[in-house]
Amino acid sequence: MKRLFIGLIVALIGVQLYAQEREYVIVVHGGAGAMKGLENNKAKAAEYYAALDSALTIGDAILSRGGEGPEAVMAVINYFEGNPLFNAGVGATCTIDGTFELDASIMEGKDLSAGAVAGVKYVKHPINAAYAVKTKTEHVMLAGEGADLFAKEQGLETVTDNQYFATPKTMKWIEELKKESKKNGTVGCVVLDKQGNLTAGTSTGGRFKKQWGRVGDSPVIGAGTYADNEGCAVSCTGHGEYFIRHVVAYNLSTRVKMLNQPIEKAADEIIFGELNAEAGNGGLIAVDRKGNIAMPFNSGGMHRGYLYKEKGKDKVVKAVGIGQTMKVLP
Ligand code: ASP
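Residues numbered from 1 in each chain as written. Predicted model: local features only at pLDDT ≥ 70, side-chain atom pairs only at ≥ 80, totals over all residues. Heavy atoms only, no water.

A few words on the sheet that holds strand E8 (residues 232-238). Read from one edge to the other, the open sheet built from 4 strands follows the order E7-E8-E9-E10, with strand pairing classed as antiparallel. The sheet terminates laterally at strand E7 (225-227) and strand E10 (293-294), the two strands that pair on one side only. Bridge count between E7 and E8: 3 bridges; the pairing is antiparallel. Within E8, the residue paired with Thr225 across the bridge is Ser235. The strands touched by helix H8 (residues 248-258) within the sheet are E7, E8 and strand E9 (282-288), with E8 carrying the most contacts at an inclination of about 150°. Packing against the sheet, helix H9 (residues 263-275) makes contact with E8, E9 and E10, and its axis sits at approximately 160° to E9. (Pairing = 2+ DSSP bridges. Helix = DSSP H or I, 4+ residues; strand = E, 2+ residues; numbered from the N terminus. Contact = heavy atoms within 4.5 Å. Axes fitted to C-alpha atoms, helices over the stretch in contact; angles between N-to-C directions.)

A few words on the packing of aromatic side chains. Within this structure, the stated rule accounts for 7 aromatic pairs. Here Phe80 and Phe86 contribute two aromatic rings whose centre-to-centre distance is 4.8 Å and whose plane-to-plane angle is 70°, an arrangement assigned as edge-to-face. Its relative accessible area of 0% is what places Phe80 among the buried residues. In this structure Phe86 comes out as buried when scored by relative accessible area, which is 0%. Ring geometry for Tyr226 versus Tyr250: centroids 5.1 Å apart, planes at 85°, classification edge-to-face. Residue Tyr226 is located in strand E7, and its partner Tyr250 is located in helix H8; the two are separated by 24 residues in the primary sequence. Judged by its relative accessible area of 10%, Tyr226 falls in the buried class. Three or more aromatic residues link up through ring pairs in this structure, and these residues are Tyr48, Tyr79, Phe80 and Phe86. The aromatic ring of Tyr308 is capped on one face by Arg22, whose charged end is 3.6 Å from the ring centroid. (Phe/Tyr/Trp six-rings, centres within 6.5 Å; stacked < 30°, edge-to-face > 60°. Buried < 20%, exposed > 50% of the residue type's maximum accessible area, 1.4 Å probe, protein only. Lys NZ or Arg CZ within 6 Å of the ring centre and 35° of its normal.)

Structurally, His29 is set in strand E1 (residues 22-33). Under the relative-accessibility criterion, His29 is labelled buried at 0%. One polar contact links the side chain of His29 to the main-chain carbonyl oxygen of Cys236, over a distance of 3.5 Å. Apart from the residues lying within four places of it in its own chain, the contact partners of His29 are Phe80, Thr186, Val187, Gly188, Ser235, Cys236, Thr237, Ile285, His303 and Arg304. (Polar contact = N/O pair within 3.5 Å; in protein donor to acceptor, adjacent residues only side chain to side chain.)

End to end, helix H3 (residues 69-81) covers 18 Å across 13 residues, agreeing with the expected 18 Å (1.5 Å per residue, within 8%). Regarding H3, the residues found buried are Gly69, Pro70, Ala72, Val73, Met74, Val76, Ile77, Asn78, Phe80 and Glu81. Among the structural elements, E1, helix H2 (42-64), strand E2 (102-108), helix H4 (126-136), strand E5 (187-192) and strand E6 (198-204) are those in contact with the buried residues of H3. (Expected span 1.5 Å × (residues − 1).)

Every residue close to the ligand is listed here: Thr186, Gly206, Arg207, Arg214, Gly216, Asp217, Ser218, Thr237, Gly238 and Gly240. Here an oxygen atom of the ligand sits 3.0 Å away from a polar atom, N or O, in the main chain of Gly240. Here the residues of the shell around the ligand are counted per class, giving no nonpolar, 7 polar and 3 charged. (Near = heavy atom within 4 Å. Nonpolar A, V, L, I, M, F, W, Y, C, P; charged D, E, K, R; others polar.)

Here's what the structure looks like:
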């Protein structure tokens with residue numbers, strides 16, 4: 001009897017520790033990079049703030065009515081992939097020979113199910129193809145031609161011309177490939193839904209002037225994307241090779257799960273410790289099961305935003321940022 005009582009108390013404390021304090025949370029990023037002077041360029045900054053706000057609003061509409069993490073993550077990333085401001089879908093950066101090879105991945109923390117595509121050239125929304133790999137195949141990642149073919153077979157929207165992803169800006173880069181120019185704007189989204197589950201997704205055109213065939217961290221589960229309900233949901237952006245070598249997304253989730261590190265401390269240790277030591281530029285967004293958020297970056301800036309609803313409150317809290325400061329939105 002006494003044992004049963006103690007057991008009950010322990011179970012209750014356990015439930016309390018894992019209880020959700022925020023009803024739902026959504027965090028987005030639109031890429032990390034140097035972003036010199038962007039914050040002070042009022043007109044340009046306003047465009048980014050508005051886009052981040054729109055992404056958060058799209059996620060909020062789904063999560064507030066009880067929609068689940070994958071639905072919110074996909075809708076947000078579909079929006080980013082259609083927005084030429086970001087390095088994903090239309091507006092993606094190109095390879096050294098001027099083609100567009102797109103990467104994306106998605107993962108659910110409740111069952112560790114995951115899907116990814118690498119180097120697709122004709123899928124309008126690579127994140128949808130990643131989700132289809134997760135839900136319709138027994139695999140985790142499909143690459144290149146096979147991935148493009150699979151997406152087509154699944155009835156996903158495809159384009160006939162790879163240059164569909166070009167914008168006037170990327171066309172100019174293609175012409176000036178020999179000159180140094182860069183684009184940062186990989187997109188990502190992590191969510192804690194009302195059901196208490198975590199989801200993470202990332203989509204990108206990769207690194208500017210990448211060798212064709214190069215695959216970065218974004219579609220690699222554990223490197224650029226990871227979600228585990230007992231750890232956290234993570235989406236990374238930055239110099240992918242470093243993020244792969246430090247297995248950043250899994251690294252963070254595992255610090256939270258196994259070492260019980262607070263998410264912000266763990267994320268800082270990776271971004272400012274492990275990566276800084278090697279000049280690995282970039283950042284990440286993450287959320288844990290209680291709704292705690294981390295958004296560190298060691299680059300000049302990172303397009304980012306968060307939105308959450310506290311339990312028992314009506315109003316959501318929303319903020320967006322580019323450089324060091326966050327701007328709270330009404
Ligand atoms: N991490 C991406 C890659 O290396 C690029 C980025 O986030 O800017 O492919």
